Amino acid sequence: MTSEHTGQESRSGGKRGEMIAICSAKGGIGRTVLAVNLAVALSKNNHLQVSVLDGDFQFGDVGLAMDLHSAFTMKDVAESLEGLDAFGLSGFLMKHGSGVRVLAAPERPEQADLVTAEVLEQVCNLLLAQHDYLLVDTGVGLQEATLQVIEKADQVFLLTTLEMAAIKNTKLMLETLSLLGLRDKVQVIINRSTMESVIKATDVPDILGEELPMYVPNDFATVAGSLNIGIPFVMNQGKTEVAKAVFKIAEQMISRREIAVFKPKQPSLLQSLFHKTKNSASFF
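Residues numbered from 1 in each chain as written. Predicted model: local features only at pLDDT ≥ 70, side-chain atom pairs only at ≥ 80, totals over all residues. Heavy atoms only, no water.

**Remarks on the overall build of the protein**
Each helix and strand counted, the protein has 13 helices and 8 strands in total. For the protein, the accessible area works out to roughly 13,800 Å², and carbon and sulfur atoms hold 53% of it. (Helix = DSSP H or I, 4+ residues; strand = E, 2+ residues; numbered from the N terminus. Areas by Shrake-Rupley, 256 points an atom, 1.4 Å probe, with all protein chains shown as cover.)

Below you can see the structure in the form of structure tokens.
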């Protein structure tokens, strides 16, 4: 209890935590695995309060990956948001054994419609007000909610693998984010970087125009086992190479960490560029 109060007091005066969006241009690449393991790795620093928002509002698996079960999800928050403050929101969060707090995605895909842009904005602000880090595990590609998260985030981790389709889609996503003026906050992470592939990990920087990507090695047995039992591998398999890679990312985040200050809300570039396509089934 003491550590939580200390953390909240340190963020008073209009300051907020750091928001990290974890994205990919293709499914099955490892967003959720990275989100939960990175959150736990960050929380091992006892002075940090870490939260995870399952931002795949249709098919989120963060709770499953952390073996968490809750009566409350983002649907319940959306329906109770009027007058809700940071203290009230904490009652909707699941607490993991590592100390990480999780706001689960709705239980059913159709409930994702309740998570409007206004709901997402307010929830992120409340979570940032009481945590040092907010990690958002997004949906695939450039869905409307994902675009909003990317725009708001301090840093974006864009995952890819060495598969041809993943590289192609990642390149397109990077080009789109460049057009939106958001490329500078994007860090490419090559997951399963040691897998057998026609494309080599050393080829990726040139293909994607990313000078210094991060690398997470391939370890199917460790990752699959971790997901099946719901225990992030950084907790019980910290000496594996895949866990060491996640700890390295966490260490780099902490070493450069700066607490941002809430900024006056500006007109959304994403809204202006993508509002016209809101009703297009091919895009959203």
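Past the structure itself, the notes keep going.
**Looking at helix α6 (residues 117–130)**
Taking 1.5 Å per residue as the helical rise, α6 with its 14 residues ought to reach 20 Å, and the 21 Å between its terminal C-alpha atoms agrees with that figure. Listed as buried for α6 are Val119, Leu120, Val123, Cys124, Leu126, Leu127, Leu128 and Gln130. (Expected span 1.5 Å × (residues − 1). Buried < 20%, exposed > 50% of the residue type's maximum accessible area, 1.4 Å probe, protein only.)

**Looking at the side chain of Arg16**
Along the chain, Arg16 turns up in the loop between α1 (2–10) and β1 (18–24). At 3.1 Å, the side chain of Arg16 forms a polar contact with the side chain of Asp154. (Polar contact = N/O pair within 3.5 Å; in protein donor to acceptor, adjacent residues only side chain to side chain.)

**What to know about the packing of helix α2 (residues 31–43) against helix α12 (residues 241–255)**
Relative to each other, α2 and α12 sit at 60°, their axes nearing to 9 Å. With respect to α12, the axis of α2 lies oblique. In terms of crossing hand, the pair formed by α2 and α12 is right-handed. Contacts between α2 and α12 pair Leu34, Asn37, Leu38, Ala41 and Leu42 from the former with Val246, Phe247, Ile249, Ala250, Met253 and Ile254 from the latter. Grouping the amino acids of the contact of α2 with α12 by side-chain chemistry returns 10 nonpolar, 1 polar and no charged. (Axes fitted to C-alpha atoms, helices over the stretch in contact; angles between N-to-C directions. Parallel < 35°, antiparallel > 145°, perpendicular 65-115°, else oblique. Left-handed = near helix turned anticlockwise from the far one by under 90°. Contact = heavy atoms within 4.5 Å. Nonpolar A, V, L, I, M, F, W, Y, C, P; charged D, E, K, R; others polar.)

**Things to note about the environment of Ala245**
Residue position: Ala245 is located in helix α12. For the pair Ala245 and Tyr215, spaced 30 residues apart in sequence, the C-alpha separation works out to 7.2 Å.

**Focus on the confidence of the model for the protein**
Summing up the model confidence of the protein, the mean pLDDT is 88 and the portion of residues at 70 or higher is 86%. The model gives residues 278–284 a pLDDT under 50, and that stretch makes 12 contacts with residues more than four places away or in other chains. (pLDDT = per-residue confidence, 0-100.)

**Side note on unusual backbone geometry**
A positive phi angle, near 55°, is found at Asp67, a position not held by glycine. Of note in this structure, Arg192 is not a glycine but carries a positive phi near 55°. Residue class for Arg192 comes out partly exposed when judged on its relative accessible area of 27%.

**Quick word on the sheet that holds strand β2 (residues 50–55)**
The strands making up a sheet associate through backbone hydrogen bonding, with each pair oriented either parallel or antiparallel. Judged by pairing direction, the sheet is mixed, and its 8 strands sit side by side in the order β3-β4-β2-β5-β1-β6-β7-β8 without closing on themselves. Each edge of the open sheet carries a strand with a single partner, namely β3 (94–95) and β8 (214–216). Two elements, strand β7 (residues 186–191) and β8, share 3 bridges in a ladder whose sense is parallel. Looking at the pairing, Ile190 lines up with Tyr215 of β8. Together, β1, β6 (155–160) and β7 form the strand contacts of helix α8 (residues 164–179), whose direction differs from that of β6 by roughly 155°. Packing against the sheet, α12 makes contact with β1, β5 (133–138), β6, β7 and β8, and its axis sits at approximately 150° to β8. (Pairing = 2+ DSSP bridges.)

**Some words on a nonpolar patch on the surface**
On the surface, a nonpolar cluster with roughly 240 Å² of combined accessible area is contributed by Ile229, Ile231 and Met235. Topologically, Met235 is positioned in helix α11 (residues 233–236). (Patch = residues over 30% accessible without salt bridge, like charges linked within 9 Å, V, L, I, M, F, W, Y side chains within 5 Å. Salt bridge = Lys/Arg side-chain N within 4 Å of Asp/Glu carboxyl O.)

**Observations regarding the pairing of β5**
Of all 6 residues that make up β5, 6 are buried, and the element is covered over most of its length. The alternating pattern of β5 places Tyr133, Leu135 and Asp137 and Leu134, Val136 and Thr138 on opposite faces, both of which are buried. Sheet topology places β1 next to β5; 5 bridges connect them, and they run parallel. When the bridges of β5 are listed, Glu18 appears paired with Tyr133. As paired elements, β2 and β5 share 6 bridges and run parallel to each other. From the neighbouring strand, Val52 faces β5, where its bridge partner is Leu135.

**Structural notes on the side chain of Thr240**
By the secondary structure assignment, Thr240 is in the loop between α11 and α12. A distance of 2.8 Å separates a polar atom in the side chain of Thr240 from the backbone oxygen of Gln237. Not counting the four nearest positions on each side in its chain, Thr240 is found in contact with Asp219 and Thr222.

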